Amino acid sequence: MNPVVAKAAESETGSGVALDVTPTSEPVLCLCGAAARVGGRTLWSGVDLEVQAGEFVAVLGPNGVGKSTLVKVLLGIVPAAEGEIRVLGRRPGEAGSRVGYLPQRRSFDPDLRIRGVDVVRMGLDGDRWGVPLPWARNRRAQQRRVDEVIELVGASAYAHRPIGQCSGGEQQRLLIAQALVRRPEVLLLDEPLDSLDLPNQSAVAALIGRICHEENVAVVMVAHDVNPILHHLDRVVYIAEGGAVCGPPSEVVNSETLTRLYRTPVEVLSTQDGRLVVVGQPEAPAVHTNRHAG
Amino acid sequence: MPSPVFSWNLLYDFQLMWSYPFMVNAFRAGAIVAVVAGAVGWFMVLRQQTFAGHTLSVVAFPGAALATLAGFSLSLGYFGFCVAAALVLAAMRRGREPGGSEESAATGVVQAFLLACGYLFMALYKGLLEGPQALLFGSFTGITTGQVTTLALAGLAVLLVLAAVGRPLLFASVDPQVAAARGVPVRGLSIAFLVLLGVATAEAAQITGALLVFALMVLPAATAQVLTARPGLSLLLTAVLGFTVTWAGLVAGFYWNYPLGFFVTSFAFGLFLLAHGARFAARAVERHRAASGAGPSSSGPAALAGGAA
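Residues numbered from 1 in each chain as written. Chains lettered and ligands numbered in written order. Predicted model: local features only at pLDDT ≥ 70, side-chain atom pairs only at ≥ 80, totals over all residues. Heavy atoms only, no water.

Looking at an unreviewed UniProt entry, one finds chain A named Metal ABC transporter ATP-binding protein, with Streptacidiphilus pinicola as its source organism.

Set out below in structure tokens:
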């Protein structure tokens, strides 16, 4: 039980790397001393993280600390201010279709007359120029892949309805299918459980856990509540106060580690059914108004 | 024109109409305009940019008025104004999330100002201008074969560009964030689409007038999107509907001496209402069936409960 507090100052001592993974293969994701700056403000720095294939990692922390920015750095949309970042052995943004991405919750206009299956299909070839030829050889295979991935997320019953008429949970499953359709090796999910009701939260969390472990996809998921995903997680990155801690959930989400990270007394309580409640963390003042700032 | 009598024998009617060369050209031009405006309009409706589309079509009017006033070619007035306005709209959208509705006020400002300019140009030109009616509602009589050829070439160019960028444009319209992460140039496509919209409008407005081209852009596309959620089928249906209402409007305009634009727009509007009625009826039937048939299609909570840990 010795979580590593990876802050900029401390990582210079060489202890700032999350080490509890078996170094059998090349890590899928690798951050070394990474820092992010948005609008001149340093969101976090000295983040060290290695993610192996088939690992489920959650990015936790209060609102506005830059959790979504971490995902955008991994995607190459936001450049890292410092440090070395490797995604599948390449620089961020260069791994192409090997990285699947589900942005922070977007709901479709109820009047949008496009089927779920079309949205999934866009994940497969929506970025190609020109008209899909009806006699192309891989057409069947592509169609089969779309059906297969919709089956995988359990969305077959409503994939042919206009996506605007699907419920939030149904839309989220279809979007996960869209992110998965090219068989990515890394899946970056930004608050996929946000604004889902509780049964849907646990169902979608279970689905992501299953995809991660069965399909051997590395998942990095931004979440503001650890509880729905707690049972499926391998590791946690907790960002707060400009620093980050990485490690197994039990070693990170506890009073001792979070107190050290926040530099103010924080208590982690465990309820009877195993849910974790963090008490006393200094939340950003605008908790419910501006979730997109992160 | 003497008013001929509609005979319900379509073969005979078309033979009669096509014995006049100006009607042949009107039918040709109508077909081209309907298909091109429909295809561009389908994306416009999907992207919820009807206000931008309306602005661009209205801008054709001051363009034509200025061309008449200053004495340069009408085509230049149409294309120049529509494309310039498209670029202005694109510049005003810069820095905003695509698909947002915030630009509507800025779009309205452009529209109001340019419309006022159009009236000024007309007031300054006291000569032989036919008045706003022809510029706004067009005139299908007196289209030359040369005009039809120009129209066909411009239309073909618009369709080719649309075919080339269609798939990424659809992706960027429906799901801009993921499209951007996949490397689709979302902002560039947004600008390109506005310019395409401007070109298509300028091209069609020369024949149909500024207002009818907007009707041909929005109504068939909106109707098709009510009827089906399949993108390919929807696009095809848009072209077919646009073509049908335009030709039906031309037939009606030939036999009954009322404005062509009124006929085309009314037919398209009628189909739009019918489509909504059909969808409403289909939903009612579905609901009735679900209520009586003990609902085996429970796709909601029951399917999700299994995964809860």
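Colleague: An account of the nonpolar core is needed here, citing residue identities and associated values.
Modeller: Counting residues in hydrophobic clusters, the biggest one holds 143 residues, and the most contacted among them are A:Ile176, A:Ile229, A:Tyr238 and B:Val174. Residues A:Leu31, A:Val78, A:Ala218 and A:Val220 belong to the second largest nonpolar core, which totals 34 residues. (Core = buried A, V, L, I, M, F, W, Y, C linked by side-chain atoms within 4.5 Å. Buried < 20%, exposed > 50% of the residue type's maximum accessible area, 1.4 Å probe, protein only.)

Colleague: Could you give an account of unusual backbone geometry, naming the residues involved and the relevant values?
Modeller: For residues besides glycine, phi is generally negative; the peptide bonds are generally trans as well. Located in the positive-phi region is A:Arg183, a residue other than glycine, with phi close to 50°. Take A:Arg183: it is sitting in the loop between helix H5 (168–180) and strand E7 (186–190). For A:Arg183, a relative accessible area of 54% gives the class exposed. Look at B:Gln48: it is not a glycine, yet its phi comes out positive at around 55°. You can see B:Gln48 is positioned in the loop between helix H2 (21–46) and helix H3 (50–70). (Helix = DSSP H or I, 4+ residues; strand = E, 2+ residues; numbered from the N terminus.)

Colleague: Go over the confidence of the model for chain B with me, naming the residues and quoting the values.
Modeller: Per-residue pLDDT for chain B has a mean of 84; in total, 86% of the residues score no lower than 70. Ignoring residues within four places in sequence, the model shows residues 294–309 of chain B, a span with pLDDT below 50, making 15 contacts including any to other chains. (pLDDT = per-residue confidence, 0-100. Contact = heavy atoms within 4.5 Å.)

Colleague: Which residues make up H5(A), and what are the values?
Modeller: All names here are of chain A. Under the 1.5 Å per step criterion, the end-to-end length of H5 is 18 Å for 13 residues, consistent within 8% with the ideal 18 Å. Counted residue by residue, H5 has twelve buried out of 13 residues, so it is predominantly covered. Within H5, the full set of buried residues consists of Gly169, Glu170, Gln171, Gln172, Arg173, Leu174, Leu175, Ile176, Ala177, Gln178, Ala179 and Leu180. (Expected span 1.5 Å × (residues − 1).)

Colleague: Provide a residue-level description of the sheet that holds strand E2 (residues 29–38) of chain A, including the pertinent values.
Modeller: Residues and elements named next belong to chain A. Spatial ordering of the open sheet is given by E3-E2-E5, a layout of three strands whose pairing is antiparallel. Here the strands that pair on one side only, and so sit at the sheet edges, are strand E3 (41–51) and strand E5 (82–87). Ignoring strand direction, the axes of neighbouring strands in this sheet form an average angle of 30°. As paired elements, E2 and E3 share seven bridges and run antiparallel to each other. Residue pairing across strands places Arg37 opposite Thr42, the latter belonging to E3. Against the sheet, helix H2 (residues 67–75) contacts E2, E3 and E5, and its axis sits at roughly 115° relative to E2. (Pairing = 2+ DSSP bridges. Axes fitted to C-alpha atoms, helices over the stretch in contact; angles between N-to-C directions.)

Colleague: Summarise the interface of chain A and chain B; cite the residues concerned and give the values.
Modeller: It is common to give the size of an interface as the accessible area that goes away when the parts come together. Facing the 42 residues of chain A at the interface are 32 residues of chain B. Contact with chain B buries area across many residues of chain A, yet A:Arg113, A:Met122 and A:Trp129 alone supply 23% of it, more than any other trio. Taken together, the links from chain A to chain B amount to one salt bridge. The interface formed by chain A and chain B contains nine residue pairs in polar contact (both at pLDDT 80 or more). At the level of elements, strand E6 (99–102), helix H3 (116–125), H5 and helix H6 (198–214) of chain A are the ones that each hand at least two residues to the side of chain A that touches chain B. Looking at the side of chain A that touches chain B element by element, the count peaks at six residues for H3(A). Partitioning the side of chain A that touches chain B into residue classes produces 20 nonpolar, ten polar and twelve charged. (Buried area = accessible area lost by both parts, 1.4 Å probe. Salt bridge = Lys/Arg side-chain N within 4 Å of Asp/Glu carboxyl O. Polar contact = N/O pair within 3.5 Å; in protein donor to acceptor, adjacent residues only side chain to side chain. Nonpolar A, V, L, I, M, F, W, Y, C, P; charged D, E, K, R; others polar.)

Colleague: Before we move on, could you go through the pairing of E7(A) and cite the residues and values that matter?
Modeller: For a regular strand, side chains alternate in direction, first toward one face of the sheet and then toward the other. Residue and element names in this part refer to chain A. Burial of E7 is extensive: five of the five residues sit out of reach of the surface. Along E7, one buried face is formed by Val186, Leu188 and Asp190 and the opposite face, lined by Leu187 and Leu189, is buried too. Sheet topology note: the E6/E7 ladder contains four bridges and is parallel. In the strand pairing of E7, Leu102 is matched with Leu189. Of the pairings in the sheet, the one linking E7 to strand E8 (residues 218–222) comprises five bridges and is parallel in character. Paired with Asp190 across the bridge in E8 is Val222.

Colleague: Pulling in residues and values, what's your account of the layout of surface pockets?
Modeller: Size it by volume and the second largest pocket reaches roughly 1,200 Å³. Where the lining of the second largest pocket is concerned, the elements lending two or more residues are H3 and helix H4 (139–152) of chain A together with H2, helix H7 (145–174) and helix H10 (231–255) of chain B. A breakdown of the residues in the lining of the second largest pocket according to their chemical character gives 22 nonpolar, five polar and seven charged. (1 Å grid on protein atoms, 1.4 Å probe; cavity = no way out; pocket = protein on both sides within 12 Å on 5 of 7 lines; lining within 4 Å. Points joined across faces, edges and corners; volume = space filled by probe spheres on them.)

Colleague: Hey, could you go over the packing of aromatic side chains for me, with residue numbers and the actual values?
Modeller: Enumeration according to the criterion identifies 20 aromatic pairs over all chains in this entry. Arranged with centres 6.1 Å apart and planes meeting at 80°, the rings of A:Tyr238 and A:Tyr262 form a pair that is edge-to-face. Within this pair, whereas A:Tyr238 is found in strand E9 (residues 235–240), its partner A:Tyr262 is found in helix H8 (residues 255–262), the two being separated by 24 residues in sequence. Note on accessibility: A:Tyr238 and A:Tyr262 belong to one class, buried. By way of ring pairs, the aromatic residues B:Phe6, B:Trp8, B:Tyr20, B:Phe22, B:Phe254, B:Tyr255 and B:Trp256 are connected into one cluster. (Phe/Tyr/Trp six-rings, centres within 6.5 Å; stacked < 30°, edge-to-face > 60°.)

Colleague: Describe the side chain of A:Ser68, naming the residues involved and giving the relevant values.
Modeller: Residue and element names in this part refer to chain A. Among the structural elements, Ser68 can be located in helix H2. In this structure Ser68 comes out as buried when scored by relative accessible area, which is 6%. Reaching out from Ser68, the side chain makes a polar contact with the side chain of Asp190 at a distance of 2.8 Å.

Colleague: Can you explain the packing of helix H9 (residues 186–227) of chain B against H10(B)? Please cite residues and give values.
Modeller: Residues and elements named next belong to chain B. Packing of H9 against H10 brings their axes to within 8 Å, and their N-to-C directions diverge by 130°. On the basis of their axis angle, the class for H9 and H10 is oblique. Crossing angle aside, the handedness with which H9 passes H10 is right-handed. Together, Leu216, Pro220, Ala221, Thr223, Ala224, Gln225 and Leu227 of H9 and Ser234, Leu237, Thr238, Leu241, Gly242, Val245 and Thr246 of H10 make up the contact between the two elements. Residue composition of the contact of H9 with H10, by class: eight nonpolar, six polar and no charged. (Parallel < 35°, antiparallel > 145°, perpendicular 65-115°, else oblique. Left-handed = near helix turned anticlockwise from the far one by under 90°.)

Colleague: So, the pairing of E3(A): which residues are in play, and what are the values?
Modeller: Of all the eleven residues making up E3(A), eight are buried; the element is thus mostly covered by neighbouring parts of the structure. The hairpin formed by E2(A) and E3(A) contains two residues between the paired strands, and A:Gly39 there has a positive phi angle of roughly 60°.

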